[in-house]
Structure formats: C-alpha cells, structure tokens
Amino acid sequence: MTVVVDTRQLSFEEYCQLDDSDRRYELVNGELRLMNPPTMRHFFIAKFLERAFDAEIQRLQQPWTCLQGAGVRTGLAKSRLPDLMVVSIDAAMELLDRSAVFQTAPFLAVEIVSPSSSVDDYRYKRSEYGAIEIPEYWIVDGRDRKVRVLHLDEGFYEETIYTDDEAIASKLFPELNVTATQIFAIGGK
C-alpha cells in the first residue's frame, strides 16, 4: 500500500529541497508518497544487479555509474526512485552537492517489485519512464520469478520476459551474462 503523506501540492523544486533523510518519498502529481522499506531479498537483488552492471561498465570502460536510491524526474510535479539507475558520471557530478534527482533520463532503470509497488512498477512507471525516454527498463518480480526487460522502440516499450536460466539480453550491456535464476538466488549466488 502506498501512503500519501502530504496532501498539499508540491512543485518539483520544493520536492528537491525536502529535508527528511529518515524517509524516502516519490513525488506523484505534486503529492508526497512514502516508500515502504524494502525487504532484505530486495536489497540482495539490487546489490547483485548493481555489481553486475558495475562490472560491465568497467569492462566496457564507459563513463557511467550505477546508483541505488537516486531519483529521476518523470513529469512536471513527478519524481520516481528507481531501485537502480545507470547514468553518466557527468550527470552525477552535476548533482554532487544537490538532491540526487536527475532531470535527464538514465540509460537504464530497474524496479524490483514489492507487493506495495506492483501497480506503479508495471503500469505507471512504465508509462512515465517511456515518456521521458529511458531506453531500457527492467522489472524484476520475485513473486513470479520473472525479469521483464523493456526496450524503447519508437516511443513504446517492447517487452521480453526472462525466466530460469535464460540469458537476459540488454542493449546497454550486450555481453551481460546474467539469468533470472542468478538474480533470484538469495544473495545473488
């Protein structure tokens, strides 16, 4: 369940100035939505993917970084907190001493589905991420042990579903060697 914690309408700029380090919020149509704390399984999946993406970034020698916990502006009064994002180092450095909310689309965003975020991850974020033209969006769902990889094609996402030991195909990381089984193993083993 997503909880709206502030009914006054906030601008994106006001959202970026919030000083509440104990809680994480998304901004949805000007309203603050409190994000539930993730499970440990969620953290393990995120850490596994972050390490895999970091290894590929290093192997490819790209000026990119993989971040957990940073936000991305998805509309006039909207900001989402993907579980992982791959962005350029230059874009990250521009925010060095400011709120870590990107106003440009990351190269890749990952959402790890939890019961409280299912509708947002599958429906609303898919639409918002497509509108700001995030080229690659992963939906990692441990309930059905599926990884959906969406690639933007002429303004719409084309979806491929991966299960079990199928190698996941990423356009950003064409030589990535990761399977759904690896992602869903506790601790990414």
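Residues numbered from 1 in each chain as written. Predicted model: local features only at pLDDT ≥ 70, side-chain atom pairs only at ≥ 80, totals over all residues. Heavy atoms only, no water.

## Considering the environment of Leu67
Next, step 1: Structurally, the position occupied by Leu67 is in strand β4 (residues 64–67).
Next, step 2: With sequence-adjacent residues up to four places away left out, Leu67 is seen in contact with Asp83, Leu84, Met85, Val87 and Phe102. (Helix = DSSP H or I, 4+ residues; strand = E, 2+ residues; numbered from the N terminus. Contact = heavy atoms within 4.5 Å.)

## So, the nonpolar core
Next, step 1: One finds Leu49, Phe53, Trp138, Val147 and Ile183 to be the most contacted residues of the largest nonpolar core, which totals 27 residues.
Next, step 2: Of all the elements in the fold, those that place two or more residues in this core are α2 (40–60), β4, β7 (84–88), β9 (108–112), β10 (136–141), β11 (146–153) and α5 (180–184).
Next, step 3: Here this core gets 7 residues from one element, more than from any other, and that element is α2.
Next, step 4: Among residues more than four places away in sequence, those in contact with Phe53 are Cys66, Leu84, Val86, Leu108, Val110, Trp138, Phe173 and Leu176. (Core = buried A, V, L, I, M, F, W, Y, C linked by side-chain atoms within 4.5 Å. Buried < 20%, exposed > 50% of the residue type's maximum accessible area, 1.4 Å probe, protein only.)

## Things to note about the layout of surface pockets
Next, step 1: Size it by volume and the largest pocket reaches roughly 540 Å³.
Next, step 2: Forming the boundary of the largest pocket are 35 residues, of which Pro38, His42, Asp83, Ile112 and Ser114 lie nearest the centre.
Next, step 3: For the lining of the largest pocket, a count of residues per class yields 15 nonpolar, 10 polar and 10 charged. (1 Å grid on protein atoms, 1.4 Å probe; cavity = no way out; pocket = protein on both sides within 12 Å on 5 of 7 lines; lining within 4 Å. Points joined across faces, edges and corners; volume = space filled by probe spheres on them. Nonpolar A, V, L, I, M, F, W, Y, C, P; charged D, E, K, R; others polar.)

## Notes on the sheet that holds β4
Pairing between sheet strands relies on hydrogen bonds along the backbone, with the strands arranged either parallel or antiparallel.
Next, step 1: Across the sheet, 6 strands lie side by side as β4-β7-β9-β10-β11-β12; this open sheet has mixed pairing. Each end of this open sheet is capped by a strand with a single partner; those strands are β4 and β12 (156–163). Neighbouring strand axes in the sheet, compared pairwise and without regard to direction, differ in orientation by 20 degrees on average.
Next, step 2: Sheet analysis places β11 next to β12, joined by 8 bridges and oriented antiparallel. Directly across from Asp153, in β12, lies its bridge partner Phe156. (Pairing = 2+ DSSP bridges. Axes fitted to C-alpha atoms, helices over the stretch in contact; angles between N-to-C directions.)

## Topic: the side chain of Arg73
Next, step 1: Along the polypeptide, Arg73 turns up in strand β5 (residues 71–75).
Next, step 2: Of the residues examined, Arg73 reaches a relative accessible area of 18% and is grouped as buried.
Next, step 3: Aside from chain neighbours lying at most four places away, what touches Arg73 is Phe12, Glu13, Lys78, Ser79, Val101, Phe102, Gln103 and Ile132.

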